[in-house]
Amino acid sequence: MSFNPERNYQETKKKVGYIVLKEATQNTYDRLGFMSGLEVHQQLLTKEKLFCHCPSGIYNDDNDFDAELIRHMRPTLSELGEYDGTALMEFKTRKEIFYRINNENACTYEIDDTPPFPLNREALEKALKISLLSKFNIVGEVHITRKQYLDGSIPTGFQRTAILGIEGSFELPHKTIRLIQLSIEEDACREISDIGHRRVYKTDRLGMPLIETVTYPDCANPDEVKQACDYIRFLNRSTGKVRTGIGAGRQDVNVSCEGGTRVEIKGVAHTKWIPELTHNELFRQWALLQIRILLNERCTPGDWKISHNELDSISHPYSKDAEKVIAVKLPYFKGILSHFTQPGKMFVDEISDRLKVIACLEKPNILHSESFKNVFGNETEKIIRKKLGLKEDDAWLIIWGAIDDMPTAIETIEERCEMAFEGVPKETRKSFEDGTTIFERVLPGANRMYPDTDSAPIPLEDSYIELQGKDLPTDIIERYKILKKWKVPEDVHTFIFSKNLFPLMEQIIDSTQTPPAYLGIFMGEKLKFAMHHYNKAPDFSFKILLPLFRFLKKENLDVQLSEKMLEVLLTYPKMDFASVLTVIGFKRFTEKELLERVPVLKAKFINGKTSVDKACIHRWIMGQLRKPALGNINLSDFSKKVMQLIN
């Protein structure tokens, strides 16, 4: 049969053994050697930034800035006479890095024109408390180091960071996850755009204090990775000393398979993305290992070499305005370009991603011989094949763009194809909501950290550490066990922990004797639903729930009335509770008054009917009496008594 790229994609997908996440079992992950760890970042709730006195948490719009400066990154030799791989990659991009600066939240420190101020003590104390809660061994002396950041997101080219704790752990319901370290560090800029050779940042977030918690690769499946990440974030939030909201917490996920290598999925915005991302990354690496086998069977890596020719013109709208169009020959790569890598992606996308990042060729940036649809007529393809001198097992690519970008583009293609002979390249990848990833940059080397000569060490005395260990909240696993004891459904635990509502639950239960199971469902279901479906006032606080339940107890009203009152309180949190009752039309009725209506309603329902189901009568009567009964009597108890009267 003639070669069909789409059929090849499906066949290689089957050969790789890809299955969707919901069909995978632990045997699937054990067979492929799944390993994963986390780097969880959480901003600290402080008044000032980490190394200057600028306010922390003051943000501005993209176009709200007082000054703009431009910088270029260039590599320098280390003391050993070596270049960092990430530095070389960034240098190839020839990027111009623009920083937009707002006077309200940045100073000369942010743009590297002033040495750092002393480390923010408020941030240090909050980070130490979280370190102790995570069972870390606290260091005796804090040493500020510089960690290279070469993508331009920090104007200095490095991030100031310090390790506070090492070798901690936490308990999931079914296993222990070991922790490598916890560090305090400064946050990076927020990216505005990255198009061509121009990347634009704003510095409002730059320098804000955050902590980074790093785990060992102890997670054996994608769900465990999410559970571990959630646990760390819930633990951080339980202290009340971290920022919450969009961008305040981010995580990097490290994934590898047997025979693969560590790949870092950067900046995962939501923990719910983690299972799909880690599942697909596992199979992407497994697919790349299958590609390695195919290529090494066809050719010796040292003998492989690409060739290219310039094309005068091709009839295609993508390249009509290009300064240069080049056809590239890939020997022995037939069937590789359309080889499955991720859902909806194939190996040629690995090349295209790198052309976007390294050669700055905006997508679409490539045409190739294994497109599912014929991109040219047969005559044009014959010209390309003849010009390149293609053989049966060869593949071809066409790239286009500015003349100055073409040497880097050709080098990038050759480099990525050579990596295919080796298997899985070490790299950082950007995550997407659909569970797929794209190349972001080369994974930094192990020697990216060195001492910061501008900052003196900070000794931590035992008495100071002991002081930070006082009044720590209970561990998340203990709170989990209490919720289980209270018979609170597990599907509401996440919301309770993510909003740090457990301490409030304890207060309400202790002071009002509200049934714990009901309160858990109220917070994890009713409150969550209301927050997403009703207009929430900016000054609404969860703290209002304690006086609400106290009011219900004092007035001898059933706790289920809280659900109706919540709809009003979300929008008008300063309204007194008695007025809320008036707004929702609440009226007091005794149980006797409500039950006296049942015979009349029953007669009304069955009037004219020859056959009536008691369950239908019950549902209809409860529908009629639910509103007047709500708050006056427990609806579950009332429902049973209505059924007794019907019978």
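Refer to the preceding data block for the structure.
In every chain, residue numbers begin from 1 and rise along the written sequence. Two thresholds apply to this predicted model, a pLDDT of at least 70 for residue-level local features and 80 or more for giving and counting side-chain atom pairs, whereas whole-chain, interface and lining totals are computed over all residues. For side-chain calculations, the full set of non-hydrogen atoms in the structure is used, while hydrogens and water are omitted.

Student: Sorry if this is basic, but what is going on with the overall build of the protein chain here?
Tutor: For helices the rule is a DSSP run of H or I covering at least 4 residues; for strands it is a run of E covering at least 2, with both sets numbered from the N terminus onward. The helix and strand inventory of the protein chain stands at 21 helices and 23 strands. Dimensions along the principal axes, computed over C-alpha positions, put the protein chain at roughly 95 × 75 × 45 Å. Using a 1.4 Å probe on the protein chains alone, a residue whose accessible area is under 20% of its type maximum counts as buried, one over 50% counts as exposed, and one in between counts as partly exposed. Here the protein chain holds 647 residues, and 53% of them are scored as buried. In this description, contact between two residues means that some pair of their heavy atoms is separated by no more than 4.5 Å. Here the contacts in the protein chain between residues at least 6 apart in sequence split such that 74% fall between residues at least 24 apart. In these tables, accessible area is a Shrake-Rupley quantity obtained with a 1.4 Å probe, and a residue counts as shielded only by the protein chains included in the view. Accessible surface, the protein chain: about 30,700 Å² in total, of which carbon and sulfur atoms supply 50%. By the counting scheme adopted, Arg and Lys are positive, Glu and Asp are negative, and His together with the chain ends is not counted. All charge positions are set by atom: Lys at NZ, Arg at CZ, Asp at CG, Glu at CD. Of the side-chain charges in the protein chain, 90 are positive and 93 negative, and the distance between the mean point of each set is 7 Å.

Student: Just checking my understanding: could you explain the sheet that holds strand 10 (residues 198-202) for this structure?
Tutor: Taking strand neighbours across the sheet as the criterion, the 4 strands line up as 2-3-10-9 in an open arrangement whose pairing is mixed. Across the chains shown, the open sheet's two edge strands, defined by having one partner strand only, are strand 2 (67-71) and strand 9 (190-195). Mean inter-strand twist for the sheet, computed between neighbouring axes without regard to direction, equals 20°. Two strands form a pair only when DSSP identifies at least two bridges running between them. For strand 2 and strand 3 (residues 96-101), the ladder comprises 5 bridges, and the chain directions are antiparallel. By the bridge assignment, E68 is partnered in strand 3 with R100. Throughout, an axis means a line fitted to C-alpha atoms (over the contacting stretch in the case of helices), and angles, computed between N-to-C directions, take values from 0 to 180 degrees.

Student: Any chance you could explain the packing of aromatic side chains here in plain terms?
Tutor: The description of an aromatic ring pair rests on the distance of the ring centres and on the angle between the ring planes. What counts as a ring pair is set by centres within 6.5 Å for rings of Phe, Tyr and Trp (its six-membered ring), and what kind of pair is set by the plane angle: stacked under 30 degrees, edge-to-face over 60, tilted for all other angles. On inspection of all chains with the given rule, the structure shows 20 aromatic pairs. Between F540 and F542, the ring centres sit 6.1 Å apart and the planes meet at 85°, which makes this aromatic pair edge-to-face. Ring geometry for F551 and F577: centres 5.3 Å apart, planes at 45°, overall tilted. One end of the pair, F551, is in helix 15 (residues 545-554); the other, F577, is in helix 17 (residues 577-583), with 26 residues separating them in the sequence. No difference in accessibility class separates F551 from F577, as the two residues are buried. Aromatic rings pair up to connect Y9, Y18, F283, F340 and F372 into one cluster. The rule is short: NZ of Lys or CZ of Arg within 6 Å of the ring centre and within 35 degrees of the ring normal puts a charge over the ring. The ring centre of Y216 lies 4.1 Å from the NZ or CZ of R178, which sits over that ring. Sitting over the face of the ring of F439, R354 holds its NZ or CZ atom 4.1 Å from the ring centroid.

Student: Honestly, the side chain of D204 in this entry has me stumped. Any pointers?
Tutor: Assignment of secondary structure puts D204 in the loop between strand 10 and strand 11 (209-215). Polar contacts involving the side chain of D204 include one to the side chain of R190, which spans 2.5 Å. Not counting residues up to four positions away in its chain, the partners in contact with D204 are K49, I58, Y59, N60, N105 and R190. Within 3.5 Å is the distance limit for a polar contact, defined as a pair of N or O atoms, with the added protein rule that one can donate a hydrogen and the other accept it, and that residues adjacent in sequence qualify only through two side-chain atoms.

Student: Can you walk me through the environment of P209 in this structure?
Tutor: Turning to its location among the elements, P209 is positioned in strand 11. By relative accessible area, which is 0% here, P209 ends up buried. Note: C-alpha distance between P209 and V488 (279 residues apart in sequence) is 35 Å. Apart from residues no more than four positions distant in its own chain, P209 is found in contact with Q43, L44, T46, E48, K49, L50, S56, A123 and E185.

Student: I would appreciate a short explanation of the sheet that holds strand 15 (residues 324-330) in the present structure.
Tutor: Adjacent strands of a sheet form backbone hydrogen bonds with each other and so pair up, either parallel or antiparallel. One open sheet holds the 4 strands; their spatial order is 14-15-19-18, and the pairing between them is antiparallel. Because the sheet does not close on itself, it has two edges, and the strands there are strand 14 (307-311) and strand 18 (367-368). Where strand 14 meets strand 15, 5 bridges bridge the pair, whose relative direction is antiparallel. Directly across from S307, in strand 15, lies its bridge partner K329.

Student: Please explain helix 6 (residues 274-298) as it appears in this structure.
Tutor: Residue pairs spaced three or four apart in an α-helix point in one direction, given the helix's 3.6 residues per turn. Given a helix with a known number of residues, its expected span is that number minus one, times 1.5 Å. Its 25 residues place the ends of helix 6 36 Å apart at the C-alpha level, agreeing with the 36 Å of an ideal helix rising 1.5 Å per residue. Counting buried positions along helix 6 yields 19 of 25 residues, so the element is predominantly enclosed.

Student: Please clarify how the pattern of salt bridges should be interpreted in this entry.
Tutor: Close approach of charged atoms allows side chains of opposite charge to pair. Any carboxyl oxygen of Asp or Glu within 4 Å of a side-chain nitrogen of Lys or Arg constitutes a salt bridge here. Tallied over the full model, the rule gives 44 salt bridges. Of the charged contacts, one joins K334 and E392 as a salt bridge, the two residues approaching to 2.5 Å between their closest N and O atoms. With K334 in the loop between strand 15 and strand 16 (340-342) and E392 in the loop between helix 8 (378-388) and strand 19 (395-401), this pair connects stretches of sequence that are 58 residues apart. For K334, a relative accessible area of 22% corresponds to the partly exposed category. Residue classification places E392 among the exposed positions, given a relative accessible area of 54%.

Student: Just to check I follow, could you spell out the packing of helix 20 (residues 614-629) against helix 21 (residues 635-646) for this structure?
Tutor: When two helices pack together, their arrangement is captured by the angle between the axes and the distance separating the axes. Two elements in contact, helix 20 and helix 21, have axes separated by 10 Å at closest approach and are oriented at 135°. Taken as axis vectors, helix 20 and helix 21 run oblique relative to one another. Handedness of the helix 20/helix 21 crossing: right-handed. Along its contact with helix 20, which presents K614, I617, H618, I621, M622, L625, R626 and A629, the element helix 21 presents L635, F638, S639, V642, M643 and I646. Only Asp, Glu, Lys and Arg are considered charged in this grouping, and only Ala, Val, Leu, Ile, Met, Phe, Trp, Tyr, Cys and Pro are considered nonpolar; every other residue, Gly among them, is considered polar. Each residue belonging to the contact of helix 20 with helix 21 can be placed in one class, and the counts come to 10 nonpolar, 2 polar and 2 charged. Under this scheme an angle from 65 to 115 degrees is roughly perpendicular, one under 35 degrees roughly parallel, and one over 145 degrees roughly antiparallel; angles in between are oblique. For any helix crossing, the convention is left-handed if the near helix is rotated counterclockwise from the far helix by under a right angle, and right-handed if that rotation is clockwise.

Student: Please explain empty space enclosed by the protein as it appears in this structure.
Tutor: Here the idea is plain: a probe the size of a water molecule rolls over the atoms and shows the empty space left. Whether a set of points on the 1 Å grid over the protein atoms alone is a cavity depends on a 1.4 Å probe fitting there but being unable to get out, while an open set qualifies as a pocket with protein on both sides within 12 Å along at least five of seven lines; lining residues are those with an atom within 4 Å of a point. Grid points are joined across faces, edges and corners, and a volume is the space filled by probe spheres set on the points. One pass over the full model with this rule turns up 2 cavities of 30 Å³ or more. Estimates place the volume of the largest cavity at around 60 Å³. What lines the largest cavity is simply D84, T86, Q148, Y149, L150, D151, R441, P444 and R448. Split by residue class, the lining of the largest cavity holds 3 nonpolar, 2 polar and 4 charged. Taken as a whole, the second largest cavity encloses approximately 50 Å³ of empty space. Lining the second largest cavity, in full, are Y109, E110, I154, P155, T156, R160, E186 and L206. Residues that form the lining of the second largest cavity fall into these classes: 4 nonpolar, 1 polar and 3 charged.

Student: Just checking my understanding: could you explain a nonpolar patch on the surface for this structure?
Tutor: Residues L77, Y83 and L88 make up a contiguous nonpolar surface patch of about 280 Å² in total accessible area. Along the chain, L88 falls in helix 3 (residues 85-93). On the basis of relative accessibility, which here comes to 33%, the residue L88 falls in the partly exposed class. Surface patches are defined over residues having more than 30% relative accessible area and no salt bridge, joining like charges when they lie within 9 Å and nonpolar side chains (Val, Leu, Ile, Met, Phe, Trp, Tyr) when within 5 Å.

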